[in-house]
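# An overview of the molecular structure
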Amino acid sequence: MSSVSALNSALGSTTNNTNINISSVLAAAAGTTTPAIDVNAAVAAALYADRAPERIWQSEQTTFSSQTSALTSMQTAATTLTTDMNSMNSITGPLSARAVSSSNSADVTATAASGTVPGNHTVAITSLASTASWYSDTAQSATAALPAESFTISTTAGPTASFTVGSGVNTLNDLVATINTSSLGLTASVVTDASGSRLALVSNGSGSANDFSVTSAPTTTTSWSSPAVASSGATLAANTFTLTNAGVTTTVNITDGETLGQIASGINSSNLGVNASVAHDSSGYHLQVVSGDGTTPFTISMPSFGFSQAAAGANAALTVDGIPITSATNTVTGAVPGVTLHLFNPTGSGKVNLSVASDTAAVSASINGFVSDYNTAIGLVNAQYSYNTTTGSEGSLAGDATVRSLQSTLLAALSYSNPNATSSVSTLSSLGITVNNDGTLAVDNTTLNSALTTNPTDVQQFFQGGSLNGFANSVSLQLNELTAPATGAFSVDLTSISKTSQDLTTQINNFESIYLAQQKTTLTAMYSKAEIALQQLPSEMAQIQAELGNNAK
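An account of the accompanying structure is given in this report. (Residues numbered from 1 in each chain as written. Predicted model: local features only at pLDDT ≥ 70, side-chain atom pairs only at ≥ 80, totals over all residues. Heavy atoms only, no water.)

### What about the pairing of strand S15 (residues 284-291)?
The following threshold applies: Using a 1.4 Å probe on the protein chains alone, a residue whose accessible area is under 20% of its type maximum counts as buried, one over 50% counts as exposed, and one in between counts as partly exposed. Each helix corresponds to a stretch of at least 4 residues labelled H or I by DSSP, and each strand to a stretch of at least 2 residues labelled E; elements are numbered beginning at the N terminus. If DSSP finds at least two bridges between two strands, the strands pair.
Within S15, 6 of the 8 residues are buried, which leaves it mostly tucked inside the rest of the structure. Bridge count between strand S11 (residues 223-225) and S15: 3 bridges; the pairing is antiparallel. Bridge assignment links tryptophan 224 to a residue of S15, and that residue is valine 289. Where strand S14 (residues 274-281) lies against S15, 8 bridges are found, and the strand directions are antiparallel. Of the residues in S15, the one forming a bridge with valine 278 is leucine 287. Adjacent in sequence and paired antiparallel, S14 and S15 are bridged by 2 residues.

### Observations concerning empty space enclosed by the protein
What counts, and what does not: Note on definitions: the grid is 1 Å and covers protein atoms alone; a cavity is a set of points where a 1.4 Å probe fits but cannot get out; a pocket is an open set with protein on both sides within 12 Å along at least five of seven lines; lining residues have an atom within 4 Å of a point. Grid points are joined across faces, edges and corners, and a volume is the space filled by probe spheres set on the points. Amino acids outside the nonpolar list (Ala, Val, Leu, Ile, Met, Phe, Trp, Tyr, Cys, Pro) and the charged list (Asp, Glu, Lys, Arg) are all regarded as polar, and Gly is one of them.
This model, assessed by the stated rule, comprises 2 cavities of 30 Å³ or more. Computed from the structure, the second largest cavity encloses a volume of approximately 30 Å³. Lining the second largest cavity, in full, are Leu95, Ser358, Val363, Leu452, Pro456, Val459 and Gln460. When residues of the lining of the second largest cavity are assigned to their parent elements, the largest contribution, 3 residues, is made by helix H10 (residues 456-464). A class-by-class count of the residues in the lining of the second largest cavity yields 5 nonpolar, 2 polar and no charged.

### Details of the pairing of strand S2 (residues 108-112)
Residues Val108, Ala110 and Ala112 line the buried face of S2, whereas the alternating positions Thr109 and Thr111 sit on a face that is not buried. Inspection of the sheet shows S2 paired to strand S21 (residues 339-343) by 5 bridges, in the antiparallel sense. Considered in S21, the bridge of threonine 111 is made with threonine 340.

### Some remarks on the packing of helix H3 (residues 39-50) against helix H4 (residues 52-88)
As a reminder of what qualifies: A fitted line through C-alpha atoms serves as each axis, taken over the contacting stretch for helices, and the angle formed by two N-to-C directions is quoted from 0 to 180°. Just so you know how the angles are binned, under 35 degrees is roughly parallel, over 145 roughly antiparallel, 65 to 115 roughly perpendicular, and the rest oblique. We call two residues in contact when some of their heavy atoms are within 4.5 Å.
Interaxial distance between H3 and H4 falls to 4 Å at its minimum, and their mutual angle equals 55°. In terms of orientation, H3 and H4 fall into the oblique class. Between H3 and H4, the residues in contact are Tyr48, Ala49 and Asp50 and Ala52, Pro53 and Arg55, respectively. Taken together, the residues of the contact of H3 with H4 break down into 4 nonpolar, no polar and 2 charged.

### Digging into the packing of helix H7 (residues 360-384) against helix H9 (residues 445-454)
Packed helix pairs are characterised by how far apart their axes lie and by the angle those axes make with each other. Under the convention used in this document: With the far helix as reference, a near helix turned anticlockwise by less than a right angle produces a left-handed crossing, and one turned clockwise produces a right-handed crossing.
In the contact formed by H7 and H9, the axes pass within 10 Å of each other and the chain directions differ by 135°. On the basis of the axis angle, H7 is oblique to H9. Seen from above, H7 lies across H9 with right-handed handedness. Taking contact as the criterion, the partners of Thr360, Val363, Ser364, Ile367 and Asn368 in H7 are, on H9, Asn445, Leu448, Asn449 and Leu452.

### Details of the pattern of salt bridges
For the record, the criterion: Salt bridge, as used here, is a side-chain nitrogen of Lys or Arg placed within 4 Å of a carboxyl oxygen of Asp or Glu.
Under the counting rule described, the total for this entry stands at 4 salt bridges. Two residues, glutamate 512 and arginine 51, come together in a salt bridge whose shortest N-O distance is 2.9 Å. Residue glutamate 512 is found in helix H12 (residues 489-549), and its partner arginine 51 is found in the loop between H3 and H4; the two are separated by 461 residues along the sequence. Residue glutamate 512 is classed as partly exposed on the basis of its relative accessible area, which comes to 27%. Using a relative accessible area of 26% as the deciding quantity, one classes arginine 51 as partly exposed. A salt bridge links aspartate 503 to lysine 499, with the nearest nitrogen and oxygen atoms 2.9 Å apart. Taken as a pair, aspartate 503 and lysine 499 lie in helix H12 at a separation of 4 residues, close to a single helical turn. Among the charged side chains, a network of salt bridges with common partners joins Arg51, Glu54 and Glu512.

### Things to note about the sheet that holds strand S16 (residues 298-300)
Taken in spatial order, the 4 strands of this open sheet run S10-S16-S12-S13, and their pairing is antiparallel. Bordering the open sheet on either side are strand S10 (219-221) and strand S13 (248-254), each of which pairs with just one other strand. Across the sheet, the mean angle separating the axes of adjacent strands is 25° when strand polarity is ignored. Pairing of S10 with S16, which is carried by 3 bridges, proceeds in the antiparallel orientation. The partner of threonine 221 across the bridge, within S16, is phenylalanine 298.

Here it is, written out as structure tokens:
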């Protein structure tokens, strides 16, 4: 009933000598027992009704979001499966992986690249490759001052450098810093033990090409001192130097473990025209050599710290299948195509047998990985066709053509049959791969490992075919139609959904900014005007009541 009809009804129901209830009249006119309007609530209620189509659009967007998420998951699963197939179809992939067994892994082990021809090989090692190294006589410490002397480092590869003690290079630490910046292909360091400190030189690589030598410049003087050692009883390493006096050159051999006193005694007993002794000062004990008459100079080839060769740089020597081989390192490549040998010990007169074969563990892992990824993909498809009793519907993509294509592709893969009639592996079931009731796959690893052990070539041929056209290629080609980045069904489907969703977003934004914004302004003005009118009703009611109260009718 309209407010006018309500008002007429209220007035018409009065009888003579009956006062009219203005509150009832106002309630009838305003449609409320309170002469007021909640403008915001009224406008919101009206706009909520106007947003009915917008809520439908938003619901569609929710569906699109769900579809996008599900499609993206399936696209990822299908792409992963495609990657599996491409890897299995590669001549350097896991199906071509090789393992090498050694009859004596303490002496020789080996690794083989994918696709290496299987076979057996014998290895006999005469000697291992070694790294050149030298060390100096002992000095008191790494920071003790050294006598002024010179020595030269010569490398087999060609670079040569001379070093002089003095003028800023005064200690073993100084020599280390200088040598390590000389680009000689070796590393210098200080080795300190109970006897003192020594300069150690080690080549950066093994083999004869990285060998080097250390020679000293002869020193002519009337008095010479060796570097200091900690005590007079300290033992020295084996060494050799020459002493020339009055035109006669004598070689002095130092036996490993000799002391300074023993060396001095040996020089003096040789009657070389010089006097040797052990001198002591604040830095330690020295071998002191002076001219016999104090004025006639002599020449000594040994520098202040004589160098000893710890090891020469040498190549490894071995035979592989009877063929003599040399190698600068103990990691040998090229002796057997695709095989890398790792040498640990000389074999003497014995030989080590190496067997190159299919890596069954790697192949098994690859096949099981394919089954797992297949199950992920088919599981996502199954989810779209599962009936939800709560919502009373299937998945949001149950009618999607791309999902149906993926399902068909996955199921078709299971029916692949090897065209090679002589192969022992004709279908997936030959590998112990069976289909569950829900379309997922299961692997009997006992059957699979048996096939890998007895017929590895047939397993590889099933997946790769005669010319990379087997099972893996067949599945990959079908999946590529779905997973291709720009033209694949997944990309096309996702692009279409995204475009439709974006159009809805634009439609909603326009609906809000153009229609609802204007509607809100109009409704707010209308209800505000009505509110003002209702606020004036009490005073008008009192006035009408007074007037009606004076009228008997």
